[in-house]
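Analysis of the macromolecular model
In case you want the letters, here they are:
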Amino acid sequence: MFFVFEHTMSYKKINNLENQKSIVHKLSQLDKNDIELALIQFNGKSTQLHQEIDKLMMYYKYNFSEDYILDNSNEYRADVNQLSKLTDTFNEDAHVYYEDILKNKKENLKETDEEIEAKKALDDSLSAVITHINNMLLKHIKYDEQKFSIIQDISIVAFIIVLFFTFWYRYRLNKIYKDIEFLYQVDKDKKGYEIFSIEADAIALRMNRKVITNDNPTMLDKVTGINNYKGMLNSYSHKKGLKDSNFTSVTVINIDNFSKTHRPYPQDITQSILKKVAYTISLYEQPVDVIARTDYNQYTIILSRSTKEQCFKDVELIRESIADLKFNVPNVGTERITVTGGHVNKPNNTNLEEAIKQAKEILNYAITTGKNKIFQTRDMAQRDMH
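Residues numbered from 1 in each chain as written. Predicted model: local features only at pLDDT ≥ 70, side-chain atom pairs only at ≥ 80, totals over all residues. Heavy atoms only, no water.

Assigned secondary structure in the protein chain consists of 11 helices and 7 strands. Each of the 386 residues in the protein chain was classed as buried or not, and the buried ones make up 41%. Accessible area for the protein chain stands at about 22800 Å²; split by element, carbon and sulfur atoms hold 54% of it. (Helix = DSSP H or I, 4+ residues; strand = E, 2+ residues; numbered from the N terminus. Buried < 20%, exposed > 50% of the residue type's maximum accessible area, 1.4 Å probe, protein only. Areas by Shrake-Rupley, 256 points an atom, 1.4 Å probe, with all protein chains shown as cover.)

Here it is as structure tokens:
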């Protein structure tokens, strides 16, 4: 915008000076056959000439680059003041000359020595004004060249700075993104990871990640790699103080038609199903959440969200994601796995074991009504009404 403003001001100043030259030429070439009309035209053009000089002064007033970059504002103002004085002299000489012509015409006199002298004075003042305007135009061109050179250097430096900060900013964003990834995962295998941002470091300290269950095999499920029942209790005890004012929910889900007594697939397929279900659940896990495989075909999901509705919504998303999984079973083809669950909102005055017991009770009722669904406490209330 600064460059556009400078270019516009430069164009207006040149156009103004050229316009003044045109007005001065017209004032020196008024029709001498109709002196009365010539005097009227003279007065109009003279007023216009002074207006153009006032405009030129205003242009220089707002020409900040020449004030602060080239430091030639005093010279410019002196040139404009000189132009104003020369214009005043030209107007006076023109006025005297045309009055002499009018006087002689009224008296039917021939050209006198006074008229000749007035004409010479007019020509001299005209030449002085034109010469000064031309000098100002030449100076303006020279100063424009200097400004262009400076603006060119500024543009190059600005481009380099913008380019540097673009890459620098992208580098910082990438580092912050990695910090977020690090914070998002609860159980870390990046022991040597160095947090980049101060904010992420503060969050990491607040989340109290000193205890990492991955270091203790007795707290992990051997097949899926997530918490077992013992690991769930341990993780929950460390994270329950980090939930602030969030709501906590407990959901126990059961893989449909899949139990110790009923194993419809070979062992490798069975383990693959258990791993994929665990992985799908972990995709929705947030830092203060706890997930665990607590039975052969059961998983316990402890979520902490800002609302009860969001807790249930995320559990529903987990159910839908598991239902989208496909497994290739030899001699059978593509199979889909679904889960059924019992979901409860855990009050602060209820311990975890009691909440899990309630969730399992709801799960058992849900299994009797079908599969691929998540039942809540209110569904149990409807059962009791029936």
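Still to come is the rest of the account.
A few words now on the nonpolar core. If you look at the biggest cluster of nonpolar residues, it comprises 31 residues, and the most contacted ones within it are Leu 17, Val 24, Leu 56, Leu 83, Phe 90, Val 129 and Met 136. Elements represented by at least two residues in this core include exactly helix 1 (2-28), helix 2 (35-61), helix 4 (73-106) and helix 5 (113-184). Here this core gets 9 residues from one element, more than from any other, and that element is helix 5. In this structure Val 24 touches Leu 49, Phe 90, Leu 126, Val 129 and Ile 130, once residues within four positions along its chain are discounted. Leu 274, Tyr 299, Ile 301 and Phe 327 belong to the second-largest nonpolar core, a separate cluster that totals 26 residues. (Core = buried A, V, L, I, M, F, W, Y, C linked by side-chain atoms within 4.5 Å. Contact = heavy atoms within 4.5 Å.)

Strands belonging to one sheet form pairs held by backbone hydrogen bonds; the direction of such a pair is parallel or antiparallel. The 5 strands lie next to each other as 2-3-1-6-7, forming an open sheet whose pairing is mixed. A strand with exactly one partner marks an edge of an open sheet, and here the two such strands are strand 2 (290-293) and strand 7 (374-375). Bridge count between strand 2 and strand 3 (residues 298-305): 4 bridges; the pairing is antiparallel. Looking across to strand 3, one finds that Ala 292 is bridged to Thr 300. The sheet contacts of helix 8 (residues 267-282) involve strand 1 (247-255), strand 2 and strand 3, and relative to strand 3 the element is tilted by about 5 degrees. In this fold helix 10 (residues 352-369) packs onto strand 1, strand 3, strand 6 (339-346) and strand 7, with an angle of close to 145 degrees to the strand it touches most, strand 6. (Pairing = 2+ DSSP bridges. Axes fitted to C-alpha atoms, helices over the stretch in contact; angles between N-to-C directions.)

So, on to the packing of aromatic side chains. Counted under the stated rule, the structure contains 5 aromatic pairs. When the centroid spacing of 6.2 Å and the interplanar angle of 85 degrees are considered together, the rings of Tyr 171 and Phe 196 count as edge-to-face. Of this pair, Tyr 171 sits in helix 5 while Phe 196 sits in the loop between helix 5 and helix 6 (198-206); the two residues are 25 residues apart in sequence, bridging distant segments of the chain. Judged by its relative accessible area of 45%, Tyr 171 is partly exposed. Connected via pairs of aromatic rings, a cluster forms that spans Phe 164, Phe 165 and Trp 168. (Phe/Tyr/Trp six-rings, centres within 6.5 Å; stacked < 30°, edge-to-face > 60°.)

Let us look at the environment of Lys 230. In this structure, Lys 230 sits in helix 7 (residues 229-239). With 11 residues separating them in the primary sequence, Lys 230 and Met 219 have C-alpha atoms 5.5 Å apart. Beyond its immediate chain neighbours, meaning those up to four positions away, Lys 230 contacts Thr 218 and Met 219.

On to the packing of helix 8 against helix 9 (residues 308-323). It is at 9 Å that the axes of helix 8 and helix 9 come closest, and there the two elements cross at 145 degrees. For the crossing formed where helix 8 meets helix 9, the hand is right-handed. Facing helix 8, whose interface residues are Val 277, Thr 280 and Ile 281, helix 9 presents Ile 318, Ser 321 and Ile 322. Residue composition of the contact of helix 8 with helix 9, grouped by class: 4 nonpolar, 2 polar and no charged. (Left-handed = near helix turned anticlockwise from the far one by under 90°. Nonpolar A, V, L, I, M, F, W, Y, C, P; charged D, E, K, R; others polar.)

On to a nonpolar patch on the surface, then. A surface patch of nonpolar side chains, amounting to about 720 Å² of accessible area, comprises Val 157, Ile 161, Phe 164, Phe 165, Trp 168, Tyr 169 and Leu 173. Secondary-structure assignment places Phe 164 in helix 5. According to the relative accessible area criterion, Phe 164 is exposed, its value standing at 52%. (Patch = residues over 30% accessible without salt bridge, like charges linked within 9 Å, V, L, I, M, F, W, Y side chains within 5 Å. Salt bridge = Lys/Arg side-chain N within 4 Å of Asp/Glu carboxyl O.)

Let's shift gears to the pattern of salt bridges. Applying the stated rule across the entire model yields 8 salt bridges. The salt bridge partner of Lys 120 is Asp 124, with a shortest N-O separation of 3.2 Å. Of the two residues, Lys 120 and Asp 124 both sit in helix 5, 4 residues apart, roughly one turn of that helix. Judged by relative accessible area, which is 44%, Asp 124 ranks as partly exposed. Residues joined by salt bridges that share partners form a network here, namely Asp 289, Arg 305 and Asp 314.

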